[in-house]
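Observations on chain architecture
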Amino acid sequence: MSYVGIFKMHLKGELQYRGKAISGIVTQVFWGFMRISLFTAFLATSSMQDFSLYQMSSYIWLGQAFLAAFYITVPPEVNKDIVRGDICYKFIRPMDIYNQWYASVLGSKIASTLLRFSPIIILGFCLPNSMGLMLPVSFEAFLLFCVSMCIGVCLCSAVILIAIYLSIKTLMPKGASAIVMSVTSLLSGALIPLPLMPASVQTVLNFLPFRYMSDLPYRIYIGNFTIAESCMQIGIAFVWLVALIVIGKLLMKSSLKKVVVQGG
Amino acid sequence: MLYQKYVKMHIKSSMQYRLNTVFLSFSQAVVAVSELLAVYVLFQTFTTVGTWTFYDSLLMFGVVTTVFSFCECFFRGYDSFAEIVQSGELDRLFIRPVNIHYQILGAKMEFSKLGKFFVGVVVSIIAVCKLSITWSIWKVLVLLGMFVCGVVVILSLMILGAGMSIYTIENLEFINIFTAGSKDLAYYPINIYQKWLSRLFTYVIPVACFNYLPLTYLVGGGTLLPWVYALSPCFGMLIMIPCVLFFNFSLKKYQGTGT
């Protein structure tokens, strides 16, 4: 399958940059400590019932470990395609352009995640309770965590494809991806974990797709939801995934009908 | 003045792509606002942290956003110095009869960061109005000192990072710990963090000097003598000296890259 080929190519490409990965891991660990320290200060002022210190630190470490999986950015080579006009070559190939980009985004996401997550997870397990990473609450929860992670990464890639659409529309990939990234990281709980937000805000966010990317798997892991609740939420996540892919494909199709090729 | 010419040149070149600059400024403003909303949402849930309230934190956010975006705009040359090293451009800077720092300052400017700068200034003004401060001439000076100190500290960190990239050649991500780390940390008064973290960012990297130390002087309180808090921005600026010395030392060690 040719899409699988694209996927594999990006997987191998990412795995080449080990030095970059180590530097990234050091940075992510530091950020983890910083964020845990921040939220610890807030939780020390007034504690919460359904979000203990240990759950909070686990949430943060999962977030740091899987940062690459849920990081929203238009990949540099797609940027180049759009700005330089290499997009033409993509049209020549007898493949669907949405699927091509989707495969390459998903491929580099999975590779950079595989390269980075394990040291941070191990470090998290070694740290003491108040600032470390807990084991999943149950085996079922762990399985559901894995399932929702897979859906989450696919959902995140679908959001990136919409960011790519905006880049084609505006021809300014830097600005478009900066906007999508900052809005998404606020609404998905990457900046502030959802349980630390006021209830009214959480209710609103439940109706948006973003929290089903990273917030859902992490909270299944730390035991915020019962098994039945988790299954239902995974269902919602799946519906969002299908919806966003369909929307993305339609948008892409409409924009590519009158695409302006830059350069030559 | 040569610097004025540099600035004019950069303004002209970014005005060639006017829509692009405007859109990028807008996107930078969106980035700043969503980070501001994160701070706001957190204080909606908790109302206070330690002894600080939302408006204390808001002033910290305003100061750090203003100074950071100012540095990213005008001192972009240091920030992206790794590119100059990588491409071998640095060799060319050496042969020109102008001071190298002058050339780096003029090498790059990014006016799109002014979107963020604008948000920072507005937020600072709102915070200053909302905080109950009994103003005196000294307090005004300390407030201005916070901004000056912030610019100097962030610039120093950028120079430090530039110095390191002479050895590493690549722009390694962990340098961000000092620059972007200081920024994210300083959205809140940094004495709320764990001891080791707040000490690191007080004594080693003097982020505290444009953060909670002068803020303590403005709103009153604190256990030390008031003049210590008032003068803290001056102490913070001292970081410039070792950073510039390190950078100049590294330049002497530079052996050339690229073609």
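Helices and strands together make up the secondary structure of chain B, namely 14 helices and two strands. Whereas a compact globule of 259 residues would reach a radius of gyration of roughly 18 Å, chain B reaches 19 Å, a difference of no more than 12%. Counting only C-alpha atoms, chain B reaches 55 × 40 × 35 Å along its principal axes. Here chain B, with 259 residues, has 47% of them falling under the buried criterion.

It is worth spelling out the overall build of chain A at this point. Counting secondary structure elements, chain A contains eleven helices and zero strands. Along the chain direction, N to C, the helices and strands of chain A fall in the order α-α-α-α-α-α-α-α-α-α-α. Taking 264 residues into account, the globule formula puts the C-alpha radius of gyration at 18 Å, and chain A, at 19 Å, falls close to it. Overall, chain A is about 60 × 40 × 35 Å in size when its C-alpha atoms are taken along their principal axes.

With that settled, consider the confidence of the model for chain A. Detailed reading of the predicted model is not advised wherever pLDDT is low. Across chain A, the average pLDDT comes to 87, with 95% of residues at 70 or higher. Considering each helix and strand of chain A separately, the mean pLDDT is smallest for helix α1 (residues 2–15) of chain A, with a value of 74, and largest for helix α10 (residues 215–221) of chain A, with 94.

Below, the discussion takes up the interface of chain B and chain A. Contacts between the two partners involve 30 residues from chain B, matched on the other side by 28 residues from chain A. Counting residues per element, the ones that place at least two in the side of chain B that touches chain A are α2 (18–46), β1 (48–49) and α10 (179–185) of chain B. No other element matches the 14 residues that α2(B) contributes to the side of chain B that touches chain A. For the side of chain B that touches chain A, the residue count by class is 18 nonpolar, ten polar and two charged.

Two packed helices can be described by the angle between their axes and the distance between those axes. Residues and elements named next belong to chain B. One can describe the packing of helix α3 (residues 54–74) onto helix α8 (residues 114–130) by two numbers: an axis separation of 7 Å at closest approach and a directional angle of 155°. By the angle class used here, α3 and α8 are roughly antiparallel. In the packing of α3 onto α8, the handedness of the crossing is left-handed. Here α3 contributes Tyr55, Leu58, Leu59, Phe61, Gly62, Val63, Thr65, Thr66, Ser69, Phe70 and Cys73 to the contact with α8, which in turn contributes Leu114, Lys116, Phe117, Val119, Gly120, Val121, Val123, Ser124, Ile126, Ala127, Val128 and Lys130. By residue class, the composition of the contact of α3 with α8 is 15 nonpolar, six polar and two charged.

With that settled, the discussion passes to the environment of Glu173(B). Mapping Glu173(B) onto the fold places it in the loop between α9 (137–168) and α10. For Glu173(B) and Ser25(B), which are 148 residues apart along the polypeptide, the C-alpha to C-alpha distance reads 24 Å. The contact partners of Glu173(B), leaving out residues within four places of it in the chain, are Ser23(A), Gly24(A) and Thr27(A).

Next up on the list: helix α1 (residues 2–16) of chain B. Taking 1.5 Å per residue, 15 residues should reach 21 Å; α1(B) reaches 21 Å between its end C-alpha atoms and fits that length. Counted residue by residue, α1(B) has zero buried out of 15 residues, so it is predominantly exposed.

A word on the environment of Ser182(B). Residue and element names in this part refer to chain B. Tracing the backbone through its elements, the reader meets serine 182 in helix α10. Expressed as a C-alpha distance, the spacing of serine 182 and tyrosine 229, which sit 47 residues apart in the sequence, is 20 Å. In contact with serine 182, other than residues within four places in its own chain, are Leu157, Phe201, Ile205 and Val207.

In this section: the packing of helix α12 (residues 212–219) of chain B against helix α13 (residues 226–236) of chain B. All names here are of chain B. In the contact formed by α12 and α13, the axes pass within 8 Å of each other and the chain directions differ by 130°. Comparing their axes, α13 and α12 come out oblique. The element α12 and its partner α13 pack so that their crossing is left-handed. The residues of α13 that touch α12, namely those facing Leu213, Pro214, Thr216 and Tyr217, are Pro226, Tyr229, Ala230, Ser232 and Pro233. Within the contact of α12 with α13, the residues separate by chemical class into seven nonpolar, two polar and no charged.

Bringing unusual backbone geometry into the picture now. Residues and elements named next belong to chain B. Of note in this structure, threonine 47 is not a glycine but carries a positive phi near 60°. Counting through the fold element by element, threonine 47 comes out in the loop between α2 and β1. Looking at threonine 47, the number of C-beta atoms within 10 Å reads 12, which means it is exposed.

Moving on to the environment of Lys139(B). Residues and elements named next belong to chain B. Its place among the elements puts lysine 139 in helix α9. For lysine 139, a count of 17 C-beta atoms within 10 Å translates into the label partly exposed. Sequence separation between lysine 139 and glycine 115 is 24 residues; the distance between their C-alpha atoms is 28 Å.

What counts and what doesn't
- Residues numbered from 1 in each chain as written.
- Chains lettered and ligands numbered in written order.
- Predicted model: local features only at pLDDT ≥ 70, side-chain atom pairs only at ≥ 80, totals over all residues.
- Helix = DSSP H or I, 4+ residues; strand = E, 2+ residues; numbered from the N terminus.
- Rg over C-alpha atoms; globule rule 2.2 N^0.38 Å.
- Buried ≥ 20, exposed ≤ 12 C-beta atoms within 10 Å, placed from the backbone.
- pLDDT = per-residue confidence, 0-100.
- Contact = placed C-beta atoms within 7 Å.
- Nonpolar A, V, L, I, M, F, W, Y, C, P; charged D, E, K, R; others polar.
- Axes fitted to C-alpha atoms, helices over the stretch in contact; angles between N-to-C directions.
- Parallel < 35°, antiparallel > 145°, perpendicular 65-115°, else oblique.
- Left-handed = near helix turned anticlockwise from the far one by under 90°.
- Expected span 1.5 Å × (residues − 1).

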